Amino acid sequence: MKFPLFVRRGGAPFVLAVSLLVSNAPAQRPAPKPTTPTKPAPTTQATTTATAENNPSITFDTLLSADAYGVYVELRAVGMQANSDDLDQLLTPLRLQGVTTPDEMFVLYDFIRTHADALATARVLVATMPVRAGLPEMLMAVEMPSVEEARKFTPELRKFIAANIAPTPDAGAVTTTRTSASTETPAARRRARRGARVRNAATEEGAKQAAAPSFQIKRAGNLIALSGEKFTFKDLHGTQQALLVNEPGFQAARTRFSGDALFIYFNTVRMASSTKQRTEAFEKEYRRQEELARAEAEKQGAQSNANTRYGDIVEASGGNANIRVDGNTNASATLSRSGTNANVAVSPEDELPPPPPTPEATPTPKTEQELEEERRREQSQQFAMQLSALVFGRGGSSGEAWPESIGIGVSLEAASLVVRGLFISQSAEQPLRPIPFLPVLLSGPSISAEAAAVMPNDTDIFVSVSLDLPQMYDYVASLMKIADLATAQDNDKNSFGGQLASFERTNNFRIREELIAALGNEIAVGLPGNQLFGGRATSARRKTEDESAPPPPSGPIVVVALNDKESLQKLLPRVLSAFGFTGATEQSILERHGQVEVLTFSNGTLAFIDRFLVGTPDAATMRRVTEAYNRGETLANSERFREPTRWQSRDSVGQLYVANALLKGIFDEAIKSVDDIDEPAIRAYLTRLDPNPGAITLVSTRDTDGLMHELHLPKNLISLFAASELVNQKLSVMRSNEYTARWKLQQISESQTSYKEAKGRYGTLEELKDGFLNEESVDLETTGYDIKLSVSGDRFEATATPTGYPKQGRRSFYIDQTGQLRGADTGGKPATQSTPIID
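Keep in mind the model is a prediction, meaning the values are calculated, not measured.

Draft legend 1. Representation of the overall build of the chain. For the chain, the helix and strand inventory stands at 25 helices and 29 strands. When each of the 839 residues of the chain is scored for burial, the buried share is 42%. Of the contacts formed within the chain by residues at least 6 apart in sequence, a portion of 67% connects residues at least 24 apart.

So this is what it looks like as structure tokens:
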């Protein structure tokens with residue numbers, strides 16, 4: 001029985017905790033009830049048991065020691081969560097026929113809802129990634145309101161596990177092989193029958209034991225613990241007195257998220273230790289298997305050599321060949337084949353001498369210039385590798401960038417699924433990293449983000465972050481110096497320090513003291529949706545919001561806050577020239593456009609807006625930025641940005657905004673495809689669906705315990721994801737047929753253009769097949785479509801009409817000598833020259 005992480009599919013947070021336990025058990029049908037044994041099963045076997053232990057020291061909070069597991073999950077008020085309308089609303093689209101949601105998900109959900117009253121205030125604990133040896137891979141515990149409730153619920157839980165998580169009995173039965181009756185004595189046959197009965201009895205007993213659930217269930221007071229492996233409460237508690245609940249990081253995170261329905265705690269140090277143990281165990285087993293394979297190969301080889309040494313005779317009757325190798329020193333082999341009358345004798349003395357060695361070509365010596373160029377390439381590659389390692393982590397040291405522990409709280413609030421994450425610092429001196437797997441990024445001070453005030457109001461994705469640039473520079477420099485020491489280049493001109501000093505002397509500016517000092521903390525990036533989703537979101541926004549709006553920005557926009565605008569304006573030409581940007585000199589003039597000063601060079605454009613430096617890859621995007629700012633049409637002034645971010649703290653170290661228009665555009669095609677769905681229930685659901693999911697927003701703030709991230713995901717987004725998946729599944733065949741038909745018409749058009757250039761006219765299908773249509777396009781037959789081509793004088797027409805309308809294809813397509821592809825739903829009739837052009 002395998003449950004996925006339902007948060008990814010939009011499922012309920014409460015299911016996540018329970019799913020973690022059973023995620024490694026295979027889905028099975030209910031096993032037949034075994035016959036009641038006359039004797040109790042031995043405790044050494046993996047059977048489902050309910051042990052009543054009234055030890056008051058074993059509670060939900062004292063169950064685990066601090067060194068037991070790396071991941072801890074806690075779900076509160078399970079029954080109340082299962083009966084909530086918000087949860088039911090989230091799961092409704094996943095129940096629709098056609099959505100690929102595992103059946104096991106709703107088996108578990110229905111079981112919890114059936115016992116919702118008993119589980120109303122129950123807490124569920126799931127622990128995984130064991131650190132100490134002897135602990136089960138996953139452990140689950142349920143805290144019931146009372147001992148009596150736990151006693152009543154235990155048999156129900158055992159029954160559910162037996163019905164849904166029972167392992168498959170071994171289907172391979174032991175069979176006996178009998179020799180020919182003519183060669184057996186009566187006594188031998190009797191012994192064989194007795195042996196068969198014994199083996200069959202053992203097989204049946206083994207099958208019964210395999211059919212029994214392997215999960216263990218143990219109870220201590222009002223606590224029920226279960227796992228797919230053997231465990232004891234003593235092992236979970238450990239010999240140490242340190243409990244998980246007393247760990248400072250755990251206490252801080254659990255207290256902070258005490259009001260959330262789902263709480264998850266990661267201890268990254270213990271997780272790394274668990275991963276290391278797994279890796280070592282895997283490598284050890286791998287080496288053992290290699291040794292066994294090697295020993296078996298040597299054994300087989302020794303046996304083969306022994307057979308050859310003592311003159312075994314191998315007869316190949318099919319080839320009429322006899323081969324004999326004698327074991328004496330002057331061994332010879334004789335091969336005789338009837339049909340060729342050939343006898344070949346090979347002796348060691350008759351072996352041919354080895355061929356003479358091929359003379360190696362004398363390499364041409366490299367010139368000094370070539371050697372110097374080779375050294376420069378090697379240094380450049382080494383520097384690029386070092387830079388990549390610094391940005392994305394340097395092997396094992398990258399783990400140092402992660403906080404010691406991370407707490408996560410999940411809850412449903414109003415129209416959003418809220419996820420909060422607390423990155424807990426080991427010490428006050430440890431730098432905060434907003435993205436741990438990018439250790440080079442170090443958080444700066446809390447700021448009041450203002451970069452949105454210079455972004456155009458149609459920016460779809462906006463990210464703003466406060467960074468400590470001087471500290472980041474020092475971090476990179478220190479790691480580069482360590483790399484120099486490791487390669488014995490500390491005092492060499494090729495070292496990082498030497499290269500840096502040479503770079504600054506050549507370009508007449510200092511990076512840290514002048515360039516970085518002129519820059520502020522806030523750095524922001526704005527992206528249009530067409531950069532990520534092919535313009536779907538952009539076109540949807542323009543159609544729904546403002547048809548007359550100017551084209552959106554075509555490239556990313558980078559905004560950097562400034563500490564000293566005048567100093568940077570003087571320094572900027574030298575900086576651009578040093579980094580390979582041409583066309584900007586100290587004599588370059590800043591062009592003023594309203595309140596914006598723009599500097600244009602060959603590789604892009606820069607502008608000074610208020611106290612920010614703005615960069616774009618092309619002049620068109622910069623014009624959009626400039627016009628929007630001068631007209632006051634900025635993101636900060638837009639209601640579509642201000643409303644969803646109203647909840648955010650004003651002082652922060654990071655901010656993320658993904659526009660509703662972008663998300664709406666992603667799902668716009670699915671919503672518009674409602675007419676293509678035949679099932680009434682699915683059509684009704686899609687019709688009722690709100691096409692506006694809302695914006696995704698996130699804010700990061702400094703906290704007394706570390707760094708706090710808070711993410712708000714629109715609940716409607718989950719329904720739209722389910723709808724999009726449903727539509728894609730239902731229409732996959734039709735869309736595949738339509739795509740193939742369109743592609744073949746375009747291939748015909750391209751081949752006609754080539755044919756006319758070569759022959760001066762358009763060709764028939766037979767003529768196009770002679771070297772102008774590729775092999776995949778020659779066959780115009782395609783599933784669900786009838787493709788026809790007609791040529792008349794200086795014109796040609798090609799049509800693709802669905803043959804199985806509307807199941808196999810809805811749109812008919814048309815293309816002619818203009819090269820414009822046309823298509824529409826014509827009710828199964830051929831498209832014509834008047835059919836709308838496809839965008």
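Draft legend 2. View of the sheet that holds strand β29 (residues 822-825). Strands sit in the order β26-β27-β28-β29 across an open sheet of four strands; the sheet is antiparallel. On the outer flanks of this sheet lie β26 (785-792) and β29, each paired with one strand and no other. Looking at each pair of strands side by side, their axes are set apart by 15° on average, direction ignored. When β26 meets strand β27 (residues 795-802), the two strands line up antiparallel, connected through eight bridges. Note that in β27 the partner of K788 across the bridge is T799. The sheet contacts of helix α23 (residues 732-759) involve β26, β27 and β28 (811-816), and relative to β28 the element is tilted by about 5°.

Draft legend 3. Local environment of helix α9 (residues 248-256). Along α9, the positions that sit buried rather than exposed are G249, F250, A252, A253 and R254. Tucked into the core, α9 has its buried residues touching β2 (69-75), β3 (123-130), β7 (262-267), β12 (405-413) and β13 (416-424).

Draft legend 4. Spatial organisation of the pairing of strand β21 (residues 612-616). Where burial is concerned, most of β21 is hidden: five out of the five residues are buried. As judged from the four bridges shared by strand β17 (residues 557-562) and β21, these two strands associate in the antiparallel manner. Within β21, the position partnered with V559 by the bridge is V614. Pairing of strand β20 (residues 604-609) with β21, which is carried by five bridges, proceeds in the antiparallel orientation. Each residue of the ladder has a partner; that of I609, found in β21, is F612. Hairpin remark: β20 followed by β21, antiparallel, with two residues in the connecting loop; positive phi at D610, about 55°.

Draft legend 5. Focus on unusual backbone geometry. Of note, the amide linkage connecting Y805 to P806 takes the cis form, showing an omega dihedral of 0°. Note that P806 resides in the loop between β27 and β28. Even without a glycine there, the phi angle at A414 is positive, about 50°. Its location among the elements puts A414 in the loop between β12 and β13. A positive phi angle is found at D610, which is not glycine, with a value near 55°.

Draft legend 6. Spatial organisation of helix α22 (residues 715-730). Between the first and last C-alpha of α22 there are 24 Å, a value that for 16 residues agrees with the 22 Å anticipated at 1.5 Å per step. Those residues of α22 lying buried are K715, N716, L717, I718, S719, L720, A722, A723, S724, L726 and V727.

Draft legend 7. View of the pairing of strand β16 (residues 519-527). Strand direction decides the pairing type here: strand β15 (residues 461-466) and β16, joined by six bridges, are antiparallel. From the neighbouring strand, S466 faces β16, where its bridge partner is E522. Sheet analysis places β16 next to β17, joined by five bridges and oriented antiparallel. Paired with G526 across the two strands is I557, which belongs to β17.

Draft legend 8. Fine view of the side chain of S274. Mapping S274 onto the fold places it in helix α10 (residues 268-309). A relative accessible area of 1% means that S274 is categorised as buried. Setting aside residues no more than four positions away along its own chain, S274 makes contact with M129 and P130.

Rules of the game
- Residues numbered from 1 in each chain as written.
- Predicted model: local features only at pLDDT ≥ 70, side-chain atom pairs only at ≥ 80, totals over all residues.
- Heavy atoms only, no water.
- Helix = DSSP H or I, 4+ residues; strand = E, 2+ residues; numbered from the N terminus.
- Buried < 20%, exposed > 50% of the residue type's maximum accessible area, 1.4 Å probe, protein only.
- Contact = heavy atoms within 4.5 Å.
- Pairing = 2+ DSSP bridges.
- Axes fitted to C-alpha atoms, helices over the stretch in contact; angles between N-to-C directions.
- Expected span 1.5 Å × (residues − 1).

Remember, this is a structural readout, not a statement about activity or role.
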